[in-house]
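What follows is the residue order along each chain.
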Protein chains: 2
Amino acid sequence: MSFKINQEIACCGGKLLKLSHQSSETKTAMDVNIYLPKQYYEEGITLIPVIYYLSGLTCSPQNATEKAFWQVQADKYGFAIVFPDTSPRGEKVPDDPEKGWDFGLAAGFYVDATQEPYKTNYRMFSYVHEELPKELDSYFNKENTKIDFLDNVAITGHSMGGFGALSGYLKYYNRYKSCSAFAPIANPTNVPWGIKALSGYLGSDKELWAQYDPCSLVSEVDNTRQSTILIHCGTKDPFLKDQLKPEQLQEAVKNTSWEGKIDLKIVEGFDHSYFFISTFVPEHAEFHAKNLGLI
Amino acid sequence: MSFKINQEIACCGGKLLKLSHQSSETKTAMDVNIYLPKQYYEEGITLIPVIYYLSGLTCSPQNATEKAFWQVQADKYGFAIVFPDTSPRGEKVPDDPEKGWDFGLAAGFYVDATQEPYKTNYRMFSYVHEELPKELDSYFNKENTKIDFLDNVAITGHSMGGFGALSGYLKYYNRYKSCSAFAPIANPTNVPWGIKALSGYLGSDKELWAQYDPCSLVSEVDNTRQSTILIHCGTKDPFLKDQLKPEQLQEAVKNTSWEGKIDLKIVEGFDHSYFFISTFVPEHAEFHAKNLGLI
């Protein structure tokens, strides 16, 4: 299906497109932003790689677009960046206000729900990793082949989105060239946010939970490319110890093909905010640019 | 009086302080953010210059702090940046909801009101250009003299804040070393936003209005330093023709000491948003850094 361009905004050397489209996975209209770097508008570029950025709890595609400041990095290296939404939205989408801000709307957790009443719409895993890239490819590349939405791609995200990036990367290891995360929920089956979301969306089957947990997936995925995963967390992040647990991922990779390949940087004084994210976006951009063959 | 540090946030190489203090001008508590660049935390720096950034209609100190992305430039050149609020706030501050979002709260227009019921609190001109710099100097420089809030300073702003920067710069020509503006209301006595604000705060005396209008002030202030004022406006700014009128400032400087010194750049495709601002912040930062003796 096609995209509607709601806004086309000049930004840095390229353009930010605020799009919406009808998703067959979520059965709702979904918003998605994409920044097309200056290279997209230049002659002679054949294929522009794409970084998918998954946002955290409570966010829409707007927050990171406005505050993470990926755009200047996209222009520097020549990648596009896609900002999907964090859940289905709309009147018919079930939500449970009693479950709070960390479940339901804007808290889709990038899984495919199996439980009623969520399983019809909350299919964010298939939406983000399957439907959206294919739809973008089909929409943008009808008349040219400038943006490589499917093959030369990387993934990153913040908090819940950091979890989404890690799980998607490991489950689609042959798809994504690289993965990084800002303050990810690294071991969701073991922390309150994750347990609430996974039990709500997936029920009580902990084997199913494990199929999304980066700490389980790393032992099942062979790191054939000797890939490193870059992760930043701040020492003043109030969620570091109880919700994020990045050290559990380092523990989990011991004696696996990922051992030594989790580049976890605990940075002094930083919190969980976009001020933290935007500070380290340049380092993540350079990391992905290398893996995408841009430098 | 003293400042309360509400938040101290690690950001880029320095720190963002979210402050509040009791203002004797506005007779309210005022929020103000300040970014202290990495140089502030290094040994051996004696005096760090300051750029004051005045925000536009509807904004608080948070918007530009989060979205304009001055911080990385502050670290690059070594200046601090101060983000004042756009009006007094609080239960006792008069507002007139019928006057809309472009008057009253978050729309103080950086003038000293003379009219009831506004004149007691709406003293944003004296607050921004007099009280705040002195209070910051007295607070931060008790134990050191690292930040030069009073002498090596520049001013900039967006929209209403661009007007505030221009009028403050021209009225305090011996104070500010340089001035720039993003999409300023350049001729407020001649456009709906300005007429509404100036008549509401200053009454019907158009001679008083003129004392704030950059287009009047330029003929009264002798450009002894051969100073250039840098201004960016976007061609897709919906307010360009009816509210901003930067070309009126170019017209007004003819046959004055400012002739040829308004560096007005009308940039193709840009709008009025923070995407526009953040795109051109690096150019404004370099402009001010030169005038502040940093490069």
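Conventions adopted
- Residues numbered from 1 in each chain as written.
- Chains lettered and ligands numbered in written order.
- Predicted model: local features only at pLDDT ≥ 70, side-chain atom pairs only at ≥ 80, totals over all residues.
- Heavy atoms only, no water.
- UniProt positions renumbered as here; feature names shortened; annotations may be inferred.
- Bend = angle between axes of the 7 residues up to and from the residue.
- Helix = DSSP H or I, 4+ residues; strand = E, 2+ residues; numbered from the N terminus.
- Buried < 20%, exposed > 50% of the residue type's maximum accessible area, 1.4 Å probe, protein only.
- Pairing = 2+ DSSP bridges.
- Axes fitted to C-alpha atoms, helices over the stretch in contact; angles between N-to-C directions.
- Contact = heavy atoms within 4.5 Å.
- Least-squares fit on C-alpha atoms with pLDDT ≥ 70 in both.
- Expected span 1.5 Å × (residues − 1).
- Phe/Tyr/Trp six-rings, centres within 6.5 Å; stacked < 30°, edge-to-face > 60°.
- Lys NZ or Arg CZ within 6 Å of the ring centre and 35° of its normal.
- Buried area = accessible area lost by both parts, 1.4 Å probe.
- Salt bridge = Lys/Arg side-chain N within 4 Å of Asp/Glu carboxyl O.
- Polar contact = N/O pair within 3.5 Å; in protein donor to acceptor, adjacent residues only side chain to side chain.

Going by what an unreviewed UniProt entry lists, chain A is known as S-formylglutathione hydrolase and is assigned to Lachancea fermentati. The Catalytic activity (unreviewed entry) comment attached to chain A in UniProt states, word for word, "S-formylglutathione + H2O = formate + glutathione + H(+)". Reading the Subcellular location (unreviewed entry) entry of the UniProt record for chain A gives the comment "Cytoplasm".

Undergrad: Which parts of the structure should I look at to understand helix H3 (residues 124-140) of chain B?
TA: Every α-helix carries 3.6 residues per turn, so stepping three or four residues along brings you back to the same face. Along its length, H3(B) reaches its greatest deviation from straightness, about 35°, at Glu131(B), and the proline Pro133(B) lies no more than four positions downstream. Inspection of H3(B) places Met124(B), Phe125(B), Ser126(B), Tyr127(B), Val128(B), His129(B), Glu131(B), Leu132(B), Pro133(B), Glu135(B), Leu136(B) and Phe140(B) among the buried residues, and these make up the whole buried set.

Undergrad: What's the story with the sheet that holds strand E3 (residues 29-36) of chain A in this structure? I'm lost.
TA: Neighbouring strands of a sheet are bound in pairs by backbone hydrogen bonds; such pairs are parallel or else antiparallel. All names here are of chain A. Strand order in the open sheet formed by nine strands is E1-E2-E3-E5-E4-E6-E7-E8-E9, and the pairing between neighbours is mixed. One side of each edge strand has no neighbouring strand; the edge strands of this open sheet are strand E1 (3-11) and strand E9 (262-267). Geometrically, the sheet is characterised by an average inter-axis angle of 20° between neighbouring strands, direction not taken into account. Relative to strand E6 (residues 153-157), strand E4 (residues 50-54) runs parallel, the two sharing five bridges. The partner of Val50 across the bridge, within E6, is Val153. Sitting on the sheet, helix H10 (residues 274-291) touches E4, E6, strand E7 (176-182), strand E8 (229-234) and E9, and the angle it makes with E7 is about 165°.

Undergrad: Explain the relation of the copies chain A and chain B to me, please; I cannot follow it from the model alone.
TA: A rotation about an axis combined with a shift along that same axis relates the two copies of the chain. Rotating chain A by 180° about the axis while translating it 0.0 Å along that axis superimposes it on chain B, leaving an RMSD of 0.0 Å. Taken together, the turn and the small shift mark the pair as related by a two-fold rotation axis. Relative to the rotation axis, the closest C-alpha in chain A is found at Lys67(A), a distance of 2.7 Å. Interface overlap between copies: 100% of the residues of chain A at the interface are likewise at the interface in chain B, consistent with a symmetric, same-surface contact.

Undergrad: Hey, could you run me through helix H4 (residues 160-171) of chain A in this one?
TA: The end-to-end C-alpha separation of H4(A) is 16 Å, in line with the 16 Å expected for 12 residues at 1.5 Å each. Within the span of H4(A), buried status applies to Met160(A), Gly161(A), Gly162(A), Phe163(A), Gly164(A), Ala165(A), Leu166(A), Ser167(A), Gly168(A), Tyr169(A) and Leu170(A).

Undergrad: What am I meant to see in the packing of aromatic side chains here?
TA: Centre-to-centre distance and the angle between the planes together describe a pair of aromatic rings. Under the definition given, this model contains 57 aromatic pairs over all chains. Ring centres of Tyr40(A) and Tyr41(A) lie 4.9 Å apart, and the angle between their planes is 90°; on these two criteria the pair is classed as edge-to-face. Assessed through its relative accessible area of 39%, Tyr41(A) is described here as partly exposed. With a centroid separation of 6.0 Å and 75° between ring planes, the pair formed by Trp101(A) and Trp193(A) is classed as edge-to-face. Placement of the pair is Trp101(A) in the loop between strand E5 (80-84) and helix H3 (124-140) and Trp193(A) in helix H5 (residues 192-202), with a sequence separation of 92 residues. By relative accessible area, which is 4% here, Trp193(A) ends up buried. Put simply, the rings of Tyr53(A), Trp70(A), Tyr77(A), Phe79(A), Phe83(A), Phe182(A), Phe270(A), Phe276(A) and Phe280(A) touch in pairs and so form one group of aromatic residues. Looking at Lys146(B), its charged tip hangs above the ring of Tyr40(B), at a distance of 5.4 Å from the centre. Its end group placed over the ring of Tyr173(B), Arg225(B) keeps NZ or CZ at 4.2 Å from the ring centre.

Undergrad: Would you mind going over the interface of chain A and chain B with me for this structure?
TA: Frequently, the measure chosen for interface size is the accessible area that the parts lose on association. Between chain A and chain B, the contact holds 17 residues from the first and 17 residues from the second. Contact with chain B buries area across many residues of chain A, yet Ala10(A), Phe69(A) and Phe275(A) alone supply 39% of it, more than any other trio. In this structure, the connection of chain A to chain B is made through two salt bridges. Close ionic contact of Lys67(A) with Glu66(B) constitutes a salt bridge, the shortest N to O distance being 3.5 Å. At the junction of chain A and chain B, the tally comes to four residue pairs in polar contact (both at pLDDT 80 or more).

Undergrad: Sorry if this is basic, but what is going on with the pattern of salt bridges here?
TA: One side chain can pair with another of opposite charge once the charged atoms of both are near each other. In the structure shown here, the tally under the stated rule is 24 salt bridges over all chains. Note that Glu8(B) is salt-bridged to Lys15(B), the shortest N-O span being 3.3 Å. Since its relative accessible area comes to 44%, Glu8(B) is described here as partly exposed. Salt bridges sharing partners connect three or more residues here, namely Glu25(A), Asp112(A) and Arg123(A).

Undergrad: Even after reading the chapter, I still don't get the UniProt feature "active site" (unreviewed entry) in chain A, so can you show me in this structure?
TA: All names here are of chain A. The UniProt entry lists Ser159, Asp237 and His272 under the feature "active site" (unreviewed entry), expressed in the numbering used here. Judged by maximum C-alpha separation, these annotated positions cover 114 residues in sequence but sit close together in space, the widest gap being only 10.7 Å. The residue Ser159 is located in the loop between E6 and H4 in this model. Within the secondary structure, Asp237 is located in the loop between E8 and helix H8 (240-244). For Asp237, a relative accessible area of 5% translates into the label buried. When residues no more than four places from it in sequence are discounted, the contact partners of Asp237 are Ala183, Leu244, Phe270, Asp271 and His272.

Undergrad: Help me out: how do you make sense of the environment of Val191(A) in this one?
TA: All names here are of chain A. As for its position among the elements, Val191 is in the loop between E7 and H5. Since its relative accessible area comes to 0%, Val191 is described here as buried. Considered as a pair, Val191 and Ser219 are 28 residues apart in the sequence and their alpha carbons are 20 Å apart. Excluding its chain neighbours within four sequence positions, the residues that come into contact with Val191 are Ile185, Asp242, Gln243 and Lys245.

Undergrad: Teacher, can you tell me more about the sheet that holds strand E9 (residues 262-267) of chain B here?
TA: All names here are of chain B. Reading across the sheet, the nine strands line up as E1-E2-E3-E5-E4-E6-E7-E8-E9 and stay open at both edges, with mixed pairing between neighbours. With partners counted over all chains shown, the strands left at the sheet margins are strand E1 (3-11) and E9, one partner each. Across the sheet, the mean angle separating the axes of adjacent strands is 20° when strand polarity is ignored. Pairing analysis gives four bridges linking strand E7 (residues 176-182) to strand E8 (residues 229-234), with the strands arranged parallel. Directly across from Ser180, in E8, lies its bridge partner Leu230. Across the sheet, helix H4 (residues 160-171) is in contact with strand E4 (50-54), strand E6 (153-157), E7 and E8; its angle to E7 comes to roughly 155°.

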